[in-house]
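# Overview (structure and organization)
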Amino acid sequence: MSTSIKSPVIVALDFPSTQSALTLVDQLEPSQCRLKVGKELFALGGPELVKTLQQREFDVFVDLKYHDIPTTVAKACRALSDMGVWMLNVHSLGGPKMIAAAREAIEQSGHPTLLIAVTILTSFDEEQLAAIGLQGSIASNVKRLAQLAKGAGAHGVVCSALEAEMLRQSCGLDFRLVTPGIRLNSHAVDDQHRIMTPEKAILAGSHYLVIGRPITQAKEPLSVLNEINHRLSSLKNAL
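We now turn to the structure provided with this report. Remember, it's a predicted structure, so these values are computed and weren't measured experimentally. (Residues numbered from 1 in each chain as written. Predicted model: local features only at pLDDT ≥ 70, side-chain atom pairs only at ≥ 80, totals over all residues. Heavy atoms only, no water.)

### Section: the side chain of Asn229
As a reminder of what qualifies: Going along the chain from the N terminus, every DSSP run of H or I of four or more residues is numbered as a helix, and every run of E of two or more is numbered as a strand. Residue burial is assigned from relative accessible area. The probe radius is 1.4 Å, only protein chains are included, and a residue is buried under 20% of its type maximum, exposed over 50%, and partly exposed in between. Any pair of nitrogen or oxygen atoms within 3.5 Å is treated as a polar contact; in protein, a donor-acceptor pairing is required on top of that, and neighbouring residues in sequence qualify only through side-chain atoms on both sides.
Along the chain, Asn229 turns up in helix H10 (residues 221–238). Since its relative accessible area comes to 12%, Asn229 is described here as buried. Within the local environment of Asn229, its side chain forms a polar contact with the backbone oxygen of Gln32, the two atoms lying 3.0 Å apart.

Below you can see the structure in the form of structure tokens.
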């Protein structure tokens, strides 16, 4: 895993085939971003795809949102950590015992894999939250689940950038905040509800930005990625 990557961008490889994903990856630079492999692509390419991406010198975030009994989740996390993945995630609703078991399994592996817990999906709005029986606002549930995850040993959480400032205050500066729902000013909202631009997300406290369509559907993906990195670098220099 690289320690020299300055960019906070994680490119989401949301493609219907491994070949289309690799075609996009061929247009990117491992020094400029990390990559996220989600459920669909992992189902298609499995561990071999992850290894292929690693062989191309990319850090890989395997986004499978494990949520099961602690022993099962621990074994799955150990397997991914043994592969040397940079980051993996579980669902915070799995509870503290599950998260703690995952953290212990990763530590036993010996690889510095980051364990991230999902709070409330960025596709959720207040109506959907109420529909599954969770009381309170999205923000209050995100805060509660993030604190639960931290207490159980997670290195950070997936959250909306809208909740980043709140979580920085409640969970500390070192608790990693991974934020999907990042959109450029001119880009469509698509299926996300709680979105933010890259600059505003970083200012709010996000550590890593998961960006899919604005990069993967661009005519020149690397140019868009470089522009985002340039904007974020300029922002950092201005602070």
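### Some details on the environment of Ser7
Heads up, the rule is: Should any heavy atoms of two residues lie within 4.5 Å, those residues are considered in contact.
Relative to the assigned elements, Ser7 resides in the segment before strand E1 (9–12). The class of Ser7 is buried, set by a relative accessible area of 7%. Placed 55 residues apart in sequence, Ser7 and Val62 show a C-alpha to C-alpha distance of 18 Å. Beyond its immediate stretch of four places on either side in the chain, Ser7 contacts Gln32, Cys33, Arg34 and Asn229. At 3.1 Å, the side chain of Ser7 forms a polar contact with the backbone oxygen of Gln32.

### Looking at the nonpolar core
Going by this rule: Only buried residues count toward a nonpolar core. Its members are Ala, Val, Leu, Ile, Met, Phe, Trp, Tyr and Cys residues joined through side-chain atoms within 4.5 Å.
One finds Val11, Leu13, Leu28, Leu35, Leu53, Val90 and Val157 to be the most contacted residues of the largest nonpolar core, which totals 64 residues. Ranked by the residues each element gives to this core, the list is headed by helix H6 (residues 138–152), at 6 residues. Aside from chain neighbours lying at most four places away, what touches Val157 is Ile116, Ala117, Thr119, Ala146, Ala149, Leu167, Phe175, Arg176, Leu177 and Val178. By size, the runner-up hydrophobic cluster in this structure holds 12 residues, among which are Ile10, Ala12, Phe61 and Met87.

### Concerning the sheet that holds strand E2 (residues 34–37)
In plain terms, the rule: Whether two strands pair depends on DSSP finding at least two bridges between them. Axis definition: a line fitted to C-alpha atoms, over the contacting stretch in the case of helices. Angles run 0 to 180 degrees between N-to-C directions.
Sheet architecture is closed into a barrel: 8 strands sit in the order E1-E2-E3-E4-E5-E6-E7-E8, paired in parallel fashion. Across this sheet, the average inter-strand angle for adjacent strands is 25°, counted without regard to direction. Sheet topology note: the strand E3 (residues 60–66)/strand E4 (residues 87–91) ladder contains 3 bridges and is parallel. Each bridged residue has a counterpart across the sheet, and for Val62 the counterpart in E4 is Leu88.

### Focus: the environment of Ile106
Relative to the assigned elements, Ile106 resides in helix H4 (residues 96–109). Under the relative-accessibility criterion, Ile106 is labelled buried at 2%. A sequence separation of 101 residues divides Ile106 from Ile5, and the C-alpha atoms of the two residues are 22 Å apart. Here Ile106 is in contact with Cys77, Ser81, Leu88, His111, Thr113 and Leu115, once residues within four sequence places are set aside.

### Points about the pattern of salt bridges
Pairing is possible between side chains that carry opposite charge, provided their charged atoms lie close to one another. Rule in force here: A pair is scored as a salt bridge if a Lys or Arg side-chain nitrogen falls within 4 Å of a carboxyl oxygen belonging to Asp or Glu.
With the rule as written, the count across this model stands at 9 salt bridges. We note a salt bridge from Arg34 to Asp59, for which the minimum N-O separation is 3.2 Å. Residue Arg34 is located in strand E2, and its partner Asp59 is located in the loop between helix H2 (39–55) and E3; the two are separated by 25 residues in the primary sequence. Both residues of the pair, Arg34 and Asp59, count as buried. The partner of Glu107 in a salt bridge is Arg103, and the shortest N-O contact between them spans 2.9 Å. Pair noted here: Glu107 and Arg103 are both in helix H4, with a separation of 4 residues, about one helical turn. Relative accessible area serves as the criterion here: at 24%, Arg103 is assigned to the partly exposed category. Salt bridges here are not isolated pairs; linked through shared partners, they connect Asp14, Lys36, Asp63 and Lys65.

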